[in-house]
Amino acid sequence: MPDTKLFSTITQPDNGTRLAGQVIRQGGLVAFPTETVYGLGANGLDPDAVMRIFEAKGRPQDNPLILHVARKSDVKQLWRRVPDTARALMDEFWPGPLTLVCARSGAVPDEVTAGLDTVAVRMSDNKTALAFIRAAGVPIAAPSANTSGKPSPTCAQHVIDDLWGKVDVILDGGQCRIGMESTVLLLAKRPVILRPGAVTREQIESRIGAVEVAPSVLSPLAEGERAASPGMKYRHYAPDAQVIVASGTPSAAAGIIRREYDRAENDGRRCIILASRETQPFYRGRKCDIIGSSANMEEMCANLFSALRRYSGSADVIFAESVSTDELGLAYMNRLLRASGFTILNR
């Protein structure tokens, strides 16, 4: 615990990274921006500090954390060895939104890995995140800076909404550029994507060859299966509203949504449709939020969590359309399906 009483303060990065580093060394919690989402950081080598993350978020302790580093060489302290595939991927994608999972060293506490023999590590390309980690002088354990299970935070206000009074310092770095968590890749005998993100399967395969995608990316964890990565729990990224996903061609999905929207509205439920610019004309007379273009999945991904948060509590039902799972569509559908608890309508 920090020497002082817990306080919450929000500060600009230029003035705050040194203070944030000091708070980390004292065992405190810091929310900080990355290019993906805001993280809730603690000293990743201090079990007591790490436990404060779980307490602040209300996060189950069987859900492993990611360690964030400021230099590629820092992985030598955290992994038992650095595989050649990891070196190749670090050279190509670090700093950036790719998390690599390898066999852990003895320096990593069980509290970080949920008792697994592997640990996830990444190096953000956000300048504030890197400056903060360097100021702290230790690897930073950090899940997303939100209440467990809720949509991840993509701006400082989201952190304030969820964690004010539970975190010592919030570094306000503005809006996150990507708006969706990093890709998590397990470097086993055959590499496996545990959580898709901005670094796509296709990009990874162009560097190291064939990569598998874990079945749990687009379906619930099997009975008794342990989460090997953050974001694998059954219902995750969920607002305080029911989320319903309609699958099929754009026109078919829109037909399902129109039918269910009208039924829900007739029952007195408040409804909103998360649509693309291309499908907006299908929903005339109904409330829509245009979150991007289906031809620009970077935009759709960046806006999804903000949209889910925007209608949390102000809508009873949020309808959304499925997209192709090629490239970035895999990450988008992974988040959307988990937000809905796999409530999918296809007719």
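Before any of the text, the structure's been laid out above.
If you're wondering where the values come from, they're calculated on a predicted model, not measured in any experiment. (Residues numbered from 1 in each chain as written. Predicted model: local features only at pLDDT ≥ 70, side-chain atom pairs only at ≥ 80, totals over all residues. Heavy atoms only, no water.)

Participant: Could you clarify how one ought to interpret empty space enclosed by the protein in this entry?
Facilitator: Taken as a whole and judged by the stated rule, the model has 3 cavities of 30 Å³ or more. Lining the largest cavity are 25 residues; nearest its centre among them are V37, P143, S144, E181 and R195. For the lining of the largest cavity, the residue count by class is 7 nonpolar, 12 polar and 6 charged. (1 Å grid on protein atoms, 1.4 Å probe; cavity = no way out; pocket = protein on both sides within 12 Å on 5 of 7 lines; lining within 4 Å. Points joined across faces, edges and corners; volume = space filled by probe spheres on them. Nonpolar A, V, L, I, M, F, W, Y, C, P; charged D, E, K, R; others polar.)

Participant: When you look at the sheet that holds strand β14 (residues 288-290) in this model, what are you seeing that I'm missing?
Facilitator: Adjacent strands of a sheet form backbone hydrogen bonds with each other and so pair up, either parallel or antiparallel. If you walk across this open sheet you meet the 5 strands as β14-β13-β15-β12-β16, and the pairing is parallel. Each edge of the sheet is formed by a strand with only one pairing partner; in this case those strands are β14 and β16 (344-345). As paired strands, strand β13 (residues 271-275) and β14 are joined by 3 bridges and run parallel to one another. Bridged to I273 within β14 is C288. Relative to strand β12 (residues 242-246), helix α11 (residues 329-339) is tilted by about 130 degrees, and along the sheet it contacts β12, β15 (317-321) and β16. (Pairing = 2+ DSSP bridges. Helix = DSSP H or I, 4+ residues; strand = E, 2+ residues; numbered from the N terminus. Contact = heavy atoms within 4.5 Å. Axes fitted to C-alpha atoms, helices over the stretch in contact; angles between N-to-C directions.)

Participant: Looking at this model, I keep getting lost on the pairing of strand β9 (residues 183-186). Mind explaining?
Facilitator: The side chains of a regular strand alternate between both faces of the sheet. Pairing of strand β5 (residues 98-103) with β9, which is carried by 4 bridges, proceeds in the parallel orientation. From the neighbouring strand, L100 faces β9, where its bridge partner is L185. Both β9 and strand β10 (residues 192-195) contribute to a ladder of 3 bridges, which runs antiparallel. By the bridge assignment, V184 is partnered in β10 with R195. Taken together, β9 and the strand that follows it, β10, pair antiparallel across an intervening segment of 5 residues.

Participant: How do you make sense of unusual backbone geometry when you look at a structure like this?
Facilitator: Backbone geometry follows two general trends: most residues other than glycine have a negative phi, and most peptide bonds adopt the trans configuration. Cis rather than trans, the peptide bond between W94 and P95 has omega equal to -5 degrees. Here P95 lies in the loop between α4 (84-93) and β5. With phi around 55 degrees, A114 is a residue other than glycine that occupies positive phi space. Position of A114 among the secondary structure elements: in the loop between α5 (110-113) and β6 (118-122). A positive phi is found at E327, a non-glycine position, where the angle reads about 50 degrees. Within the secondary structure layout, E327 lies in the loop between β15 and α11.

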